Amino acid sequence: GAGVSQSPSNKVTEKGKDVELRCDPISGHTALYWYRQRLGQGLEFLIYFQGNSAPDKSGLPSDRFSAERTGESVSTLTIQRTQQEDSAVYLCASKVGANTEAFFGQGTRLTVV
Amino acid sequence: GIQVEQSPPDLILQEGANSTLRCNFSDSVNNLQWFHQNPWGQLINLFYIPSGTKQNGRLSATTVATERYSLLYISSSQTTDSGVYFCAGPGATNKLIFGTGTLLAVQP
């Protein structure tokens, strides 16, 4: 696609439910990143994919968070048993390779009520 | 991993004024990006600038990799320049490390 696409744009869920957030990177981009941004805060790294592998998942805050990537393309971030502190904007970025420019999607705004 | 510090943390300008934002890195970086996050939350790429100077309209950026800093210049600021400016560089395992941002408010 022309840019990084994330869906849904907004998600409201009840505490305790599971949610799946999707990221479609730019075609041909092998590197993919997930970040979390709480209101008024900076970007918090969650996980980095190179191809379908995740060499760095050090930012996942708990075992309720998981992510996968298939076909060196689409990635899904899953949050199980959501908590109110999970409320944030989840941003995805992709880039071609190591020393290249990263591009971000528009984000998914998650609200846990 | 590397640390990224941005200054100033916030800035208020009158429309038409110029400003300089700074990004310091704790270690050398081989690529660096500047982003603008507009009031709607969208992260917009401004510059990919591992070294040297680039210009795009009223904005320009300079990275001095050997001294571990980068500068973003905004000239003749406009209200649409308001938002948060982030710089980011590569950390261990190639993940992007972001600074804490500079919150810019341009008043008419």
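Summary of the structure given here. Each chain has its residues counted from 1, following the order in which its sequence is written. Lettering of chains starts at A and numbering of ligands starts at 1, both following the order in which they are written. This being a predicted model, a pLDDT of at least 70 is required before a residue's local features are given, and a value of 80 or more before pairs of side-chain atoms are given or counted; all residues contribute to the totals for chains, interfaces and linings. As a rule here, side-chain values cover all heavy atoms of the structure and leave hydrogens and water aside.

## Re the overall build of chain A
Part 1: Runs of H or I in DSSP of at least four residues are treated as helices and runs of E of at least two as strands, each being numbered from the N terminus. The number of helices and strands found in chain A is zero helices and eleven strands.
Part 2: Reading the secondary structure of chain A in the N-to-C direction produces β-β-β-β-β-β-β-β-β-β-β.
Part 3: With the radius of gyration taken over C-alpha atoms, the globule rule is written as 2.2 Å times the number of residues to the power 0.38. Since a compact globule built from 113 residues should have a radius of gyration of about 13 Å, the 13 Å found for chain A is in line with a globular shape.
Part 4: Overall, the C-alpha framework of chain A stretches about 40 × 25 × 25 Å when taken along its three principal axes.
Part 5: When a residue's accessible area, from a 1.4 Å probe over protein chains only, is under 20% of the maximum for its type it is buried; when over 50% it is exposed; and in between it is partly exposed. Taking all 113 residues of chain A together, 47% fall into the buried category.
Part 6: Residue pairs in contact within chain A that sit at least 24 positions apart in sequence constitute 53% of those at least 6 positions apart.
Part 7: Charge counting treats Lys and Arg as positive and Asp and Glu as negative, with His and both chain ends excluded. Note on charges: their place is set at NZ of Lys, CZ of Arg, CG of Asp or CD of Glu. Side chains of chain A give 12 positive and 12 negative charges; the mean places of these two sets differ by 4 Å. Contact criterion: two residues are considered in contact whenever any of their non-hydrogen atoms come within 4.5 Å of each other.

## Here we look at the interface of chain B and chain A
Part 1: Taken together, the contacts link 16 residues of chain B with 21 residues of chain A.
Part 2: Buried area is a sum: the accessible area each of two parts loses on coming together, probed at 1.4 Å, counted once for each and added. Contact between chain B and chain A buries roughly 1,600 Å² in total, counting both sides, with carbon and sulfur atoms accounting for 49%.
Part 3: It is Asn94(B), Lys95(B) and Leu96(B) in chain B that bury the most area against chain A; as a group they hold 29% of the surface buried on that side.
Part 4: Criterion for a salt bridge: a side-chain nitrogen of Lys or Arg within 4 Å of a carboxyl oxygen of Asp or Glu. For the pair chain B and chain A, the interface holds one salt bridge.
Part 5: Of all the secondary-structure elements, those providing two or more residues to the side of chain B that touches chain A are strand E4 (33-37), strand E5 (43-48) and strand E10 (96-98) of chain B.
Part 6: In this classification, the charged set is Asp, Glu, Lys and Arg, the nonpolar set is Ala, Val, Leu, Ile, Met, Phe, Trp, Tyr, Cys and Pro, and all remaining amino acids, among them Gly, are polar. Grouping the amino acids of the side of chain B that touches chain A by side-chain chemistry returns seven nonpolar, eight polar and one charged.

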